[in-house]
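Chain and residue survey
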Amino acid sequence: MKLLKLKLHWQILIALILAVFFGYYIPSGVPYVAWMGEIFLRALTMIIIPLILSSIITGVTSMGSGKNLGRLGGKTIIYYISTSTLAIVTGLFLVNIIKPGIGVELGFSQEVEGLVEKASSVKEILTRIIPENIVEAMAEGNILSVIFFAILFGVFITRVKDKYKENLTTFFESVFEVMMKITLFIIKFTPYGIFGIVAKEVARNADQLSNIAGSMLIYMLTVFAALMIHALITLPLITRFVGRVNPLKHFKNMITPLITAFSTSSSSATLPLTMEAVEHKSGVSNKVTSFTLPLGATINMDGTALYECVAAMFIAQAYGIDLSVGEQALVVLTALLASIGAAGIPMAGLVMITVILTALNLPLEGVGLILAVDRILDMTRTSINVWSDSCGAAIIARSEKEKTNVGL
Ligand code: ASP
């Protein structure tokens, strides 16, 4: 009974640790618990589209004028691009110093044909932002298109007659309120969901991870170290000095979504929890969260951007290809584009590496080298993606003169 009184993030942390032991020592029991994870993920995925649609429309209409939207949008994009670039540069720096790819056994590579086929070019990704059919985009979970449509819809709500404007604004605000209530309801089941997901992933990956060759371990540690520098030094400094936000206080508020991001490897599935924590715990206004967080979950991926860069450099090193400074600059640029194009779902970043490899004429089979260790890195980079989104929302709120609960 006592466990029930623990704060939710403690419950989740305990569930995570128990799941690791369960998945490792009792893999035969995993089928009996995995369903909890599946149900939890399905429930989160179920609410994403109505949540994004209603939150962005509400956010955009509450900004009132196009000028406000432009200002907030401008700040958001500047934050996304600059933090992602800083993350990539951190990764590039470490991968050049540590050189984890030198001397890697190429025979370790795994088959990746399916993955390479799934990759799409940057041009294709940008074109697809405009949906041909919005219902299809929603049904397929094509979040960027849904965001595009929602922004457009929100902007034009402010331009219709008062009578229609009021009706539509109230309608979408009401939908948003209901979606947040459903989110709060689903959040209660997070410990169970995380137990199911993590136990399953541990049972599935344990063998692979214990067989990892030394050089792969160094590659993992390089990505991990760079991610930690970005999350624990760069972002807190920006949060503290640019946003005048207390990073530690904000971090504590974000523990539930961060562990959920870690366990699910999906920024999109975590989005409802991120919105709840940033708004209700860190006290950022609905106007800012409802616009910046859905956008951030889809296009602001610092962890993924960093990972794209380190992985591409690792593959080049493994194949003995020396990249010039100019080529490394191209890695930075394509890593940024790849992270923007990557969907907030598991393994999206891995698929997007092919964009960089193609741009630099590097061997596409290189992706097979890093496949075995992708899941654990995916979990880590997804948490960093969500952490950056939440810092961005707090910083932007402060720049809009909001008090919040985490201001200095
Ligand atoms: N899984 C990541 C996310 O959802 C994307 C990636 O694979 O890097 O944020």
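Before any of the text, the structure's been laid out above.
Now for a look at the structure at hand. Because the structure is predicted, anything quoted here is derived from the model rather than measured. (Residues numbered from 1 in each chain as written. Predicted model: local features only at pLDDT ≥ 70, side-chain atom pairs only at ≥ 80, totals over all residues. Heavy atoms only, no water.)

Points about the pattern of salt bridges
A complete count under the given rule lists 9 salt bridges for this structure. A salt bridge links arginine 71 to glutamate 400; the nearest nitrogen and oxygen atoms lie 2.7 Å apart. Linking arginine 71 in helix H4 (residues 66-98) with glutamate 400 in the segment after helix H20 (374-399), this pair joins segments that are 329 residues apart in sequence. Glutamate 400 is the partner of lysine 287 in a salt bridge, and the nearest nitrogen-oxygen pair spans 3.9 Å. (Salt bridge = Lys/Arg side-chain N within 4 Å of Asp/Glu carboxyl O. Helix = DSSP H or I, 4+ residues; strand = E, 2+ residues; numbered from the N terminus.)

Thoughts on unusual backbone geometry
The residue arginine 244 is not glycine, and still its phi comes out positive at about 50°. Along the chain, arginine 244 falls in the loop between helix H11 (214-241) and helix H12 (247-253). Residue arginine 244 is classed as partly exposed on the basis of its relative accessible area of 40%. (Buried < 20%, exposed > 50% of the residue type's maximum accessible area, 1.4 Å probe, protein only.)

Quick word on the packing of helix H16 (residues 302-318) against helix H17 (residues 325-341)
At a minimum axis separation of 8 Å, H16 and H17 run at an interaxial angle of 140°. As judged from the angle between their axes, H16 and H17 are oblique. Once H16 is placed against H17, the crossing between them reads as right-handed. Only Gln328, Val331, Ala335, Ala338 and Ser339 of H17 make contact with H16, whose side of the interface consists of Thr304, Ala305, Glu308, Cys309, Ala312 and Met313. The residue inventory of the contact of H16 with H17, partitioned by class, reads 7 nonpolar, 3 polar and 1 charged. (Axes fitted to C-alpha atoms, helices over the stretch in contact; angles between N-to-C directions. Parallel < 35°, antiparallel > 145°, perpendicular 65-115°, else oblique. Left-handed = near helix turned anticlockwise from the far one by under 90°. Contact = heavy atoms within 4.5 Å. Nonpolar A, V, L, I, M, F, W, Y, C, P; charged D, E, K, R; others polar.)

What to know about helix H8 (residues 143-157)
For H8, with 15 residues, the first-to-last C-alpha span of 21 Å sits near the 21 Å given by 1.5 Å per residue. Turning to H8, the residues buried within the fold contact helix H3 (30-62), H4, helix H7 (134-139), helix H9 (162-187), helix H14 (267-281) and helix H15 (286-299). (Expected span 1.5 Å × (residues − 1).)

Looking at the site of the ligand
Taken together, the neighbourhood of the ligand is formed by 16 residues, with Ser267, Thr304, Gly349, Asp378 and Arg381 sitting nearest. Within the side chain of serine 267, an N or O atom sits 2.3 Å from an oxygen atom of the ligand. At 3.0 Å from a nitrogen atom of the ligand is found a main-chain nitrogen or oxygen belonging to isoleucine 345. Burial of the ligand by the protein amounts to 100% of the accessible area it has alone, namely 270 Å². Secondary structure elements with two or more residues in the shell around the ligand: helix H18 (348-359) and H20. Per element, the largest residue contribution to the shell around the ligand is 4 residues, and it comes from H20. Residues belonging to the shell around the ligand are distributed by class as follows: 6 nonpolar, 8 polar and 2 charged. (Near = heavy atom within 4 Å. Polar contact = N/O pair within 3.5 Å; in protein donor to acceptor, adjacent residues only side chain to side chain. Areas by Shrake-Rupley, 256 points an atom, 1.4 Å probe, with all protein chains shown as cover.)

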